There are 2 protein chains.
Amino acid sequence: MTFFNEEPITAADKTFFQLRKDIVEGGILAGSKLSEAELSTKYCVSRAIIREAINRLESCNLVERKANIGARVVALTPAGLIDLYQVRESLEGMAARLAAKNMTPEEIDNLNSLLNSHFQKVKTGESYYQEAGDVDFHYRIILGSKNKHLITMLIDGIYHLVRMYRVQLGMSGPRITTAFDEHRHIVQAISNRDEELAEMLMRRHIMYSKKNVEAKLVKS
Amino acid sequence: MTFFNEEPITAADKTFFQLRKDIVEGGILAGSKLSEAELSTKYCVSRAIIREAINRLESCNLVERKANIGARVVALTPAGLIDLYQVRESLEGMAARLAAKNMTPEEIDNLNSLLNSHFQKVKTGESYYQEAGDVDFHYRIILGSKNKHLITMLIDGIYHLVRMYRVQLGMSGPRITTAFDEHRHIVQAISNRDEELAEMLMRRHIMYSKKNVEAKLVKS
DNA sequence: GTTGGCTATATTGTCGACAATGTATTTGTA
DNA sequence: TACAAATACATTGTCGACAATATAGCCAAC
């Protein structure tokens, strides 16, 4: 699952990963203040470590810092979620286009295998897909783009935020079988090296997802 | 010109801005190592300040840090520049689409005024456009998208890198009058609230720019 | 002469203390 | 009582020192 060497080396690394996890999964609530002293005692490291971790969290747009005042976890707003999906549509669309151009035959084979294993689970009625499977699929295409900036922005930046929204607004919802078909068509386009179509299908796929999420927002 | 309140408050802010400027404008060469001690004496601040500044530079993808080894200014490669333009095409295309949807009539009027003032200068043969004017135009559309993530990624992230490439590879080149026509058509699409067309034209505009840059790369 | 390990040096990582800034409380005056 | 200034407190920003890690140079063994 974890594609990249996200091995923590320094104490700041470990603290950053831990803090990010706690924020994304709701252990630290959205909008809450991050007191350096408090976190310092909680995670048993010096304030310097906490400060570095907070700076990195700011880079992924998970917290906002104001000079001489402090850092807060970002607030989750419906508008913010829409903003995110617009950026996703744009970037992942381009990722799919580039994947159609740059993925190796082996990578495409693996993508097909992944899809088949998904199909098995969907067929047997397992409530699959909700999280890991979907993320896995998207990650492979993003990485398949071979574009470093694209990869960093999406995987290090956007995806953690999206997950934070999903977790804290309780959106592990349906869109299972339909999404599977969309995935299938995207892979087909990539297999055919049809860049134009791959981008268009991915953008639509994410737009559907956005609408699905929007519908849930108004209900709650 | 400077749209955003980029007022430095802390010493770390000032040092970050200064370092960024020195890197983007080539005062510190691409690929060179950033020694904390050295920079500390050079900029007359403590190592802690330098470290924070370097961390922020890493967030904008201007430097790369390795644990226990140090930070280097990113290397400028032809492939890296192509990657950048692909991301730009994707994000600015979406920005133009959202601008067509979200810009106020006043903002659109101002954009038209800007375009007219450009036209005057182009007509009188001033070797305009090379830098500020073009950036100004693009910034307004990016800001007009009203999408916070989009704005941050482009203005805080991509644009400094693009400028670094331009400066250090000596690309202040032509593409003056043709680019003006492209700008004109984009504004027209935005005025008509034609999201689809605005995005398409912006993407083409950046693709042309990319090809222009590619042509210069092979020559050098 | 070359290779392997050891020592010395330089660089980054981490820490606790102090300075500067922001916030809350108190006090005095109208 | 209401408001404003001054004071006390809490939090962030900055610094220099020490610890941990990486790099370079040296010596010994083969």
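Residues numbered from 1 in each chain as written. Chains lettered and ligands numbered in written order. Predicted model: local features only at pLDDT ≥ 70, side-chain atom pairs only at ≥ 80, totals over all residues. Heavy atoms only, no water.

### Here we look at the protein's contact with DNA strand C
So, step 1. Taken together, the neighbourhood of DNA strand C is formed by 18 residues, with Ala11 and Ser46 of chain A together with Lys33, Arg47 and Arg51 of chain B sitting nearest.
So, step 2. Taking the atoms of DNA strand C that fall within 4 Å of the protein, sugar and phosphate contribute 72% of them.
So, step 3. Here Arg47 of chain B contributes a side-chain N or O atom positioned 2.8 Å from a base nitrogen of DNA strand C.
So, step 4. For the surface near DNA strand C, the elements supplying multiple residues, two or more each, are α1 (11-24) and α3 (47-59) of chain A together with β1 (33-34) and α3 (47-59) of chain B.
So, step 5. Class assignment for the residues of the surface near DNA strand C results in seven nonpolar, six polar and five charged. (Near = heavy atom within 4 Å. Polar contact = N/O pair within 3.5 Å; in protein donor to acceptor, adjacent residues only side chain to side chain. Helix = DSSP H or I, 4+ residues; strand = E, 2+ residues; numbered from the N terminus. Nonpolar A, V, L, I, M, F, W, Y, C, P; charged D, E, K, R; others polar.)

### Regarding the interface of chain A and chain B
As a measure of interface size, the accessible area lost when the parts come together is often cited.
So, step 1. Taken together, the 32 residues of chain A in the interface contact 32 residues of chain B.
So, step 2. Where chain A abuts chain B, roughly 2500 Å² becomes buried across the two surfaces, and 53% of that area is made up of carbon and sulfur atoms.
So, step 3. Between the two partners, chain A and chain B, sit eight salt bridges.
So, step 4. Here Arg203 of chain B ties to Glu199 of chain A by a salt bridge, and the two come within 2.7 Å at their closest N and O atoms.
So, step 5. Across the chain A-chain B interface, the total number found is 16 residue pairs in polar contact (both at pLDDT 80 or more).
So, step 6. Taken together, the elements giving at least two residues each to the side of chain A that touches chain B come down to α3, β2 (63-66), α4 (78-102), α7 (148-168) and α9 (195-219) of chain A.
So, step 7. Of all the elements, α4 of chain A adds the most residues to the side of chain A that touches chain B, at 11 residues. (Contact = heavy atoms within 4.5 Å. Buried area = accessible area lost by both parts, 1.4 Å probe. Salt bridge = Lys/Arg side-chain N within 4 Å of Asp/Glu carboxyl O.)

### Focus on the environment of Gln188 of chain A
So, step 1. Mapped onto the elements, Gln188 of chain A comes out in helix α8 (residues 177-191).
So, step 2. In this structure the C-alpha to C-alpha distance between Gln188 of chain A and Gly170 of chain A, which are 18 residues apart in sequence, comes to 32 Å.

### Thoughts on the packing of aromatic side chains
Residue and element names in this part refer to chain A.
So, step 1. Counted under the stated rule, the structure contains four aromatic pairs over all chains.
So, step 2. Judged by centre distance (5.5 Å) and plane angle (40°), the ring pair of Phe16 and Phe17 falls under tilted.
So, step 3. What makes Phe16 buried here is its relative accessible area of 8%.
So, step 4. Here Tyr139 and Tyr159 contribute two aromatic rings whose centre-to-centre distance is 5.2 Å and whose plane-to-plane angle is 70°, an arrangement assigned as edge-to-face. Here the residue Tyr139 occupies a position in helix α6 (residues 132-144), and Tyr159 occupies one in helix α7, the gap between them amounting to 20 residues.
So, step 5. A relative accessible area of 13% means that Tyr139 is categorised as buried.
So, step 6. In this structure Tyr159 comes out as buried when scored by relative accessible area, which is 9%. (Phe/Tyr/Trp six-rings, centres within 6.5 Å; stacked < 30°, edge-to-face > 60°. Buried < 20%, exposed > 50% of the residue type's maximum accessible area, 1.4 Å probe, protein only.)

### Here's the deal with the relation of the copies chain A and chain B
So, step 1. It takes a turn of 180° to lay chain A on chain B, together with a shift of 0.0 Å along the axis; the resulting RMSD is 0.0 Å. Between the two chains, the operation in question is that of a two-fold axis.
So, step 2. Of the residues that chain A buries at the interface, 100% are likewise interface residues in chain B, meaning the two copies contact each other through the same surface. (Least-squares fit on C-alpha atoms with pLDDT ≥ 70 in both.)

### Brief notes about the protein's contact with DNA strand D
So, step 1. In the vicinity of DNA strand D, 18 residues are found, and the nearest of them are Lys33, Arg47 and Arg51 of chain A together with Ala11 and Ser46 of chain B.
So, step 2. Atoms of DNA strand D within 4 Å of the protein belong to the sugar or the phosphate in 72% of instances, the rest to bases.
So, step 3. A distance of 2.8 Å separates a phosphate oxygen of DNA strand D from a polar atom in the side chain of Lys33 of chain A.
So, step 4. Between DNA strand D and the protein, one listed contact pairs a phosphate oxygen with a side-chain N or O atom of Arg51 of chain A at 2.4 Å.
So, step 5. When contributions to the surface near DNA strand D are tallied by element, the ones reaching two or more residues are β1 (33-34) and α3 of chain A together with α1 (11-24) and α3 of chain B.
So, step 6. When the residues that make up the surface near DNA strand D are grouped by side-chain class, the tally is seven nonpolar, six polar and five charged.

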